[in-house]
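Below are the chains, spelled out letter by letter.
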Amino acid sequence: MSVETHAHHEHPDVVGSRNRLGVILLLVADIAFALSMVFVYFYLRGQNVNNMWLPAATSDHPAIEPLSAGPGWTVTAIAAFGLLAHMYGLKGARSQNQTQLKLGSLVALVASVIAIGYQYNTISSAPFTFSDGAYVSCFYMFAIMNMVHLLLTLFISFGNWNRARLGLYVENFWHVDIVRIWWIWMVVSSLLGAFSLSYP
Amino acid sequence: MTTLTQHTSTAPGKSIIEKLNVFTALALGVISAVVVWRLSLAFLPEDAEGARLFSREDKITLLSMCGWFVGFMTGIGALVGPMRWVMGKDLAHDENMFLAGENMGPKRYFRYTTDHKVVGIQYLFITILIFFLGGGMAMLIRTNLGTPEGGWLHPQAYNSIVGTHGILMIVGTIIMITGPFGNFIMPIMIGARDMAFPRLNALSFWLIVAAAVPLIWGQFIGGITTGWSAYNPLAGQAPLGMDGYIMYICIFAISTMVAGANITTTVVKMRAKGMTWNRTPIFIYGTVASVALALPAFPVFFLSQILSAFDRALDTSFYNVAGGGSGWLYENLFWIMGHPEVYVILIPAIAALMEMAPVFTRRPLFSFNVAVLGIAGISGLSVLVWAHHMYISGWAPLLNAPFMLTTELISIPTGMMFLVLIGTLWRGRLWMTMPLMSIFALLWNFMIGGITGIYLSDVPADAFLHGSMYVTAHFHYTLMGAGLTGALASLVYWFPKMTGRMFDKTLSWISFWLVQIGFNVAFIGMFMVGLAGQPRRVEAYAPTFNTANLVTTIGAYTIMIGMLVLLHGVISSARNGVKASKNPWQAKTLEWTVDYPIPLENFDVLPVVTTDPYGYGKAKS
Amino acid sequence: MTDLMSPKTPQWWKKSDVKKTFILWIISTAVIGYVGVEFHVRNMVAPASDTMSSVISLMRMFTWAAAPVAGLVAAMCITVLTTKRHYGDNPPEEADHEIRNSPKTAAVWVVVSGLFCLFALVGGLVVLQHDNEAILDKQAIQVNVTGQQWVWNFDYANGARSEDLYLPVNKPVVFHITSVDVKHSFWVVQMGIKMDANPGYTTETAVTPNKIGVFDVRCAELCGLLHAYMQTKVHVVSQADYDAWLSAHAATEAGA
Ligand code: HEM
Ligand SMILES: [Cu+2]
Ligand SMILES: [Cu+2]
């Protein structure tokens, strides 16, 4: 998301609005991806092929019970907290308050780390194997994809914090604004997963 | 950042930028693939009892391919930009100029070069390569089908060649116009100095190179035996080569998303002063519609393949029926991408020919508004018709009628495209060149493709035609007869701008007629066997189908000769063709206002546009 | 705005190129319609059911409906190609008009293509409706079809099982189709019916054979190594022969 100019100077606002549109378009792709996951979930749930959405108990295997969607909502809440912190930082940048910017970015970074830890815990402590039916497959799909999103968020919020720390956002801070767009999408995509998993 | 002055040429990253090129990328890719392979061989646990056959092998293969991918992209320098962003050391001006390939000579074609003209040439090169490989496979297929008993190709090899041919050609046709011409010509046409995101532009190209390797790799570990559509659960039981397909699609999907965001932003934000939407050339509309349509479509394909990989390597049940998965899920995901994708291919081809029509008839484009409306209508409708590929699958019989309606509605915007082209030809002065004749060829071929499309969209007729050679003939008429025809015309038309030399006229004519005649012979024959009841993707067939199959094979060889003539034309004209003037076709779009060789940032002073580019014809006196 | 057809004179239909195009239009419509229909009908297999007959008449109808559109484009192309051609390395003179638009032509064009759509849709729906009714027929014979790499199995109500399909003539039959491994597609070529065999699901289609004879069943969905060889025959026989065959096979089944 850095400025890409060659010989000719362009105004930062022009470059900023261009970058903003580019990121939004990339998010269109990601949104299509996330919505297809929701489609996958509800399609398989509706079809319940061979009654294997949640397999019943067999002689060597207990019945599969769906997990509570609570952890999904918790991760979403942590991400939402990260978003708020980031917006607090952005507000600081707007009012020329660099300390507030640095603080907000740092808290957002910490939130992304915590969310990753929590998400990892949900995956590793799930009482399933991958082959336990369609619901379980979808559970892993949402959890793993959310993890990928969170890792990206970590990368971005780390960069954002580091750049804030180095004082790169004194004169113009459209990067921070674009990172906010990403954070919003992080929350929404996590919410889509949590929402779906609430209907096992 | 523009405002910061880090002009220190000793910035630590810079030396790295200078060292990286395609060779370091290949080396790093291979090394990391081998390392990951050895490590996963050593440390991955054995499959649990009762797991799917080959789960562990699939894991190892997929991980090694990921290793290749990460290694290659690191080695080419894709990570430099993001890393520098995180470190807070944005690329300085001279580093950006280095990346743009300033004063670098031919070496810049082998690097992560950001200049859109370099990327355009790179795309042209890889498109030609893809068509060469895919075409060779087509010849193997047709040779095998010359006789009813097939025979000399093993069924597994045959199936794999069919699948690889299909997916190679689909990717080739997707990039054949928006890649070379969308990158090289489009920014100049709108009066911009480069793309909105030059580094993403380089990224989209090198991702395609990175994607190609798993596909080739797959050929040696069992091949892609499922056809290009890779239906599950068949793909779930296919050999390890399937992992190559999966990686290929995933990486290619990322490339299309990146290119889509980049091209769209460029057009929306960077058109020259005065280039209102009314004055924007129609080719630009076509390019944007194509990539913007791909933007939401390809992620669905991406997801379908990730789930396929999960099923294979982790033993999940998205498509695996025994565990609660569904083949219909795959079909839906695939065709939600698959139908928009065919228009991703077609729209830029038609738009390119619309751009050429006024030039070669010396009159204005007929009904610019209708052209825009047609492009918009096709794009909009194309996301609502996917289930016409699934009429016969039984997934939702009640939805057949609505999908029949939406599919047939597409003929309205399609008709608009015809109106614009034929209206522009009408009462024009025909300048008999290969691009002009390509318009007639497109009208002919696409008429056949479109009308057979209507037969196919009719559910009762499709109950007979689906899965037969008739479908194969239909989509070759559209993809090749319409799409490829437009791409070849674009090549001849923009060749002088891209190479500074004219495309050899005689060779362009010879190849045009060989390809068009061969094409019609080949695929009329294919319609015949389809109507007579020959299924598609078969390696042997009943003797009654032999004559028409032989006709098809002969047509196919004619196409091959025509394409080889064209290839010869590309090479010989680029080397020692007639030097072209700045504007050999006397066209009015902006790309014809710059001299060859085009300077790094195209325009010293950005142009200002005051009219649309279609002001041909004598005013009535 | 000027009309497409009338750069100078108001009476556009009197212009010579319009007249020429009109005549060519009539000719090419006739040629395209005739050749198109013959091409399809001659290449298509001889029908062995009403379903297939209606597919053939649909194709005939659509081809005739499309012929005027294709004919018009062809006629205009021929007119254009046979007038002002220019060869050489330099562009020809500018065309002697600068018409950019013709809302009337565009409107007519869109309305006509809309009508064409409507026609295709209605034609299709009528036949579809008819085909669907057959599935609900209470009198119909029920046959279970199972696809499997790379053979078809047919199960009859009395427990008979075969790899060749036997059907009585003029009696509706409903197929319940499934697969045990991957997706196949059950295609009875001369009867114009096709339905995918999906693992995990059962799908239905129906037909009434109206001709005694031996016809083809082919798999129409790539299903792996020997997909090309996944074909069998359907024997349509008289009711008496059918009953005899059925009881004979039920017997062997029971005896085994
Ligand atoms: C003009 C309107 C068109 C209509 C009404 C139409 C309709 C259809 C229908 C109904 C099918 C499904 C056939 C079947 O599998 O039974 C089909 C297949 C296909 N069409 Fe079209 N089509 C049209 C134009 C195009 C265009 C412009 C392209 C590409 C540039 C295209 C490419 C394809 C492809 C690739 C397939 C087959 C995919 C496969 O099964 O492998 N079609 N078309
Ligand atoms: Cu389609
Ligand atoms: Cu089969």
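### Remarks on the overall build of chain B
So, point 1. Across its full length, chain B carries 22 helices and one strand.
So, point 2. For chain B, the C-alpha radius of gyration of 25 Å lies close to 25 Å, the compact-globule estimate for 621 residues.
So, point 3. For chain B, the C-alpha atoms occupy an extent of roughly 75 × 65 × 45 Å along the three principal directions.
So, point 4. Here the analysis covers contacts within chain B between residues at least 6 apart in sequence; of these, 82% occur between residues at least 24 apart.
So, point 5. Carbon and sulfur atoms form 71% of the exposed surface of chain B, whose accessible area is close to 19200 Å².
So, point 6. Of the side chains in chain B, 35 bear a positive and 29 a negative charge, and the two mean positions are spaced by 14 Å.

### Things to note about the site of ligand 1
Residues and elements named next belong to chain B.
So, point 1. Ligand 1 sits among 22 residues. The nearest are Trp228, Asp462, His466, His474 and Arg536.
So, point 2. Residue His474 places a side-chain N or O atom 2.9 Å away from a nitrogen atom belonging to ligand 1.
So, point 3. Mapped by element, the contributors of at least two residues to the shell around ligand 1 are helix H14 (327–361), helix H18 (434–457) and helix H20 (469–499).
So, point 4. Here the element with the most residues in the shell around ligand 1 is H18; it accounts for six residues.
So, point 5. Its residues assigned to classes, the shell around ligand 1 comprises 11 nonpolar, nine polar and two charged.

### A few points about the interface of chain B and chain A
When the parts of a complex come together, some accessible area is lost, and that lost area is often used as the size of the interface.
So, point 1. Facing the 59 residues of chain B at the interface are 55 residues of chain A.
So, point 2. Where chain B abuts chain A, roughly 4900 Å² becomes buried across the two surfaces, and 70% of that area is made up of carbon and sulfur atoms.
So, point 3. The interface formed by chain B and chain A contains one salt bridge.
So, point 4. Asp90 of chain B serves as the salt-bridge partner of Arg163 of chain A, at 2.7 Å between the closest nitrogen and oxygen.
So, point 5. Linking chain B with chain A are eight residue pairs in polar contact (both at pLDDT 80 or more).
So, point 6. Listed by contribution, the elements that provide at least two residues to the side of chain B that touches chain A are helix H4 (80–87), helix H5 (93–99), helix H10 (198–219), helix H12 (241–270), helix H13 (282–314) and H14 of chain B.
So, point 7. Of the residues contributing to the side of chain B that touches chain A, the split by class is 35 nonpolar, 15 polar and nine charged.

### Description of the sheet that holds strand S9 (residues 203–207) of chain C
What holds strands together in a sheet is hydrogen bonding between their backbones, with the strands either parallel or antiparallel.
All names here are of chain C.
So, point 1. Pairing within the open sheet is mixed, and its five strands lie in the order S4-S3-S2-S6-S9. Edge positions in the open sheet fall to strand S4 (161–162) and S9, since each of these has one partner strand only.
So, point 2. Sheet topology places strand S2 (residues 141–148) next to strand S6 (residues 173–179); seven bridges connect them, and they run parallel. Looking at S6, one finds that Gln142 is bridged to Val174.
So, point 3. Packing against the sheet, helix H3 (residues 103–135) makes contact with S6 and S9, and its axis sits at approximately 105° to S9.

### Things to note about the coordination of the iron atom of ligand 1
Residue and element names in this part refer to chain B.
So, point 1. Of all protein atoms, just one serves as a donor to the iron atom of ligand 1, and that atom is His474 (NE2), at 2.2 Å.
So, point 2. Distance-wise, the copper ion (ligand 2) is placed 4.6 Å from the iron atom of ligand 1.
So, point 3. For His474, the location among the structural elements is in helix H20.

### Description of the pattern of salt bridges
So, point 1. Enumeration according to the criterion identifies 22 salt bridges over all chains in this entry.
So, point 2. Between Lys117 of chain B and Asp115 of chain B there is a salt bridge, with its nearest N and O atoms 3.3 Å apart. Of the two residues, Lys117 of chain B and Asp115 of chain B, neither departs from the other in class, the shared state being buried.
So, point 3. Between Lys183 of chain C and Glu331 of chain B there is a salt bridge, with the nearest N and O atoms lying 2.8 Å from each other. Taken together, the residues Lys183 of chain C in the loop between S6 and strand S7 (184–188) and Glu331 of chain B in helix H14 connect one chain to another.
So, point 4. For Lys183 of chain C, a relative accessible area of 4% gives the class buried.
So, point 5. Here the salt bridges do not stand alone but share partners, grouping Arg20, Arg94, Asp177 and Arg180 of chain A into one network.

### A look at the sheet that holds S7 of chain C
Residues and elements named next belong to chain C.
So, point 1. Taken in spatial order, the five strands line up as S5-S11-S10-S7-S8 in an open sheet, and their pairing is mixed. Each edge of the sheet is formed by a strand with only one pairing partner; in this case those strands are strand S5 (165–168) and strand S8 (193–197). On average, each strand axis in the sheet is inclined to that of its neighbour by 25°, with strand direction left out of account.

### So, the domain arrangement of chain B
Residue and element names in this part refer to chain B.
So, point 1. According to the domain assignment, chain B consists of domain 1 (1–92 + 105–112) and domain 2 (113–593).
So, point 2. Opposite the 26 residues of domain 1 that make contact, domain 2 presents 29 residues.
So, point 3. Carbon and sulfur atoms make up 73% of the surface buried where domain 1 meets domain 2, a total of about 2500 Å² over both sides.
So, point 4. The interface formed by domain 1 and domain 2 includes one salt bridge.
So, point 5. With its nearest N and O atoms 3.0 Å apart, the salt bridge here joins Arg312 to Asp58.
So, point 6. Scanning the region where domain 1 abuts domain 2 turns up nine residue pairs in polar contact (both at pLDDT 80 or more).
So, point 7. For the side of domain 1 that touches domain 2, the elements supplying multiple residues, two or more each, are helix H2 (22–43) and helix H3 (55–76).
So, point 8. Among the elements that make up the side of domain 1 that touches domain 2, the one with the highest residue count is H3 (14 residues).
So, point 9. Of the residues contributing to the side of domain 1 that touches domain 2, the split by class is 16 nonpolar, four polar and six charged.

### Description of the coordination of the copper ion (ligand 2)
So, point 1. Note on the copper ion (ligand 2): its protein donors are His339 of chain B (ND1), His388 of chain B (NE2) and His389 of chain B (NE2). The metal-donor distances range over 1.9 to 2.1 Å.
So, point 2. Within one chain, the residues donating to the copper ion (ligand 2) are spaced in sequence as H-x48-H-H.

### Some details on the environment of Ile31 of chain B
So, point 1. Position of Ile31 of chain B relative to the elements: it lies in helix H2.
So, point 2. With 561 residues separating them in the primary sequence, Ile31 of chain B and Trp592 of chain B have C-alpha atoms 45 Å apart.

### Topic: empty space enclosed by the protein
Residue and element names in this part refer to chain B.
So, point 1. Tallied over the entire structure, the rule returns nine cavities of 30 Å³ or more.
So, point 2. If you add up the space inside the largest cavity, you get close to 150 Å³.
So, point 3. For the largest cavity, the lining is made up of 19 residues, of which Ile175, Thr178, Thr256, Ala259 and Val291 are closest to its centre.
So, point 4. Top element by residues in the lining of the largest cavity is H12. It accounts for six residues.

### Remarks on the pairing of S7 of chain C
Residue and element names in this part refer to chain C.
So, point 1. Of all five residues making up S7, five are buried, and the element is well covered by its neighbours.
So, point 2. Burial along S7 is two-sided: the residues His184, Phe186 and Val188 and Ser185 and Trp187 are all buried.
So, point 3. Relative to S8, S7 runs antiparallel, the two being bridged by five bridges. Among the inter-strand pairings, His184 is bridged to a residue of S8, identified as Ala197.
So, point 4. Counted along the chain from S7 to the antiparallel partner S8, the turn is four residues long, and its residue Gly192 has a positive phi close to 65°.
So, point 5. Both S7 and strand S10 (residues 213–219) contribute to a ladder of three bridges, which runs antiparallel. Along S10, the bridge assignment pairs Val188 with Val217.

Rules used throughout
Residues numbered from 1 in each chain as written. Chains lettered and ligands numbered in written order. Predicted model: local features only at pLDDT ≥ 70, side-chain atom pairs only at ≥ 80, totals over all residues. Heavy atoms only, no water. Helix = DSSP H or I, 4+ residues; strand = E, 2+ residues; numbered from the N terminus. Rg over C-alpha atoms; globule rule 2.2 N^0.38 Å. Contact = heavy atoms within 4.5 Å. Areas by Shrake-Rupley, 256 points an atom, 1.4 Å probe, with all protein chains shown as cover. Lys, Arg positive; Asp, Glu negative; His and termini not counted. Charge placed at Lys NZ, Arg CZ, Asp CG, Glu CD. Near = heavy atom within 4 Å. Polar contact = N/O pair within 3.5 Å; in protein donor to acceptor, adjacent residues only side chain to side chain. Nonpolar A, V, L, I, M, F, W, Y, C, P; charged D, E, K, R; others polar. Buried area = accessible area lost by both parts, 1.4 Å probe. Salt bridge = Lys/Arg side-chain N within 4 Å of Asp/Glu carboxyl O. Pairing = 2+ DSSP bridges. Axes fitted to C-alpha atoms, helices over the stretch in contact; angles between N-to-C directions. Donors = N, O, S within 2.8 Å, 3.2 Å for Na, K, Ca; no water. Buried < 20%, exposed > 50% of the residue type's maximum accessible area, 1.4 Å probe, protein only. Domains from an automatic or database assignment. 1 Å grid on protein atoms, 1.4 Å probe; cavity = no way out; pocket = protein on both sides within 12 Å on 5 of 7 lines; lining within 4 Å. Points joined across faces, edges and corners; volume = space filled by probe spheres on them.

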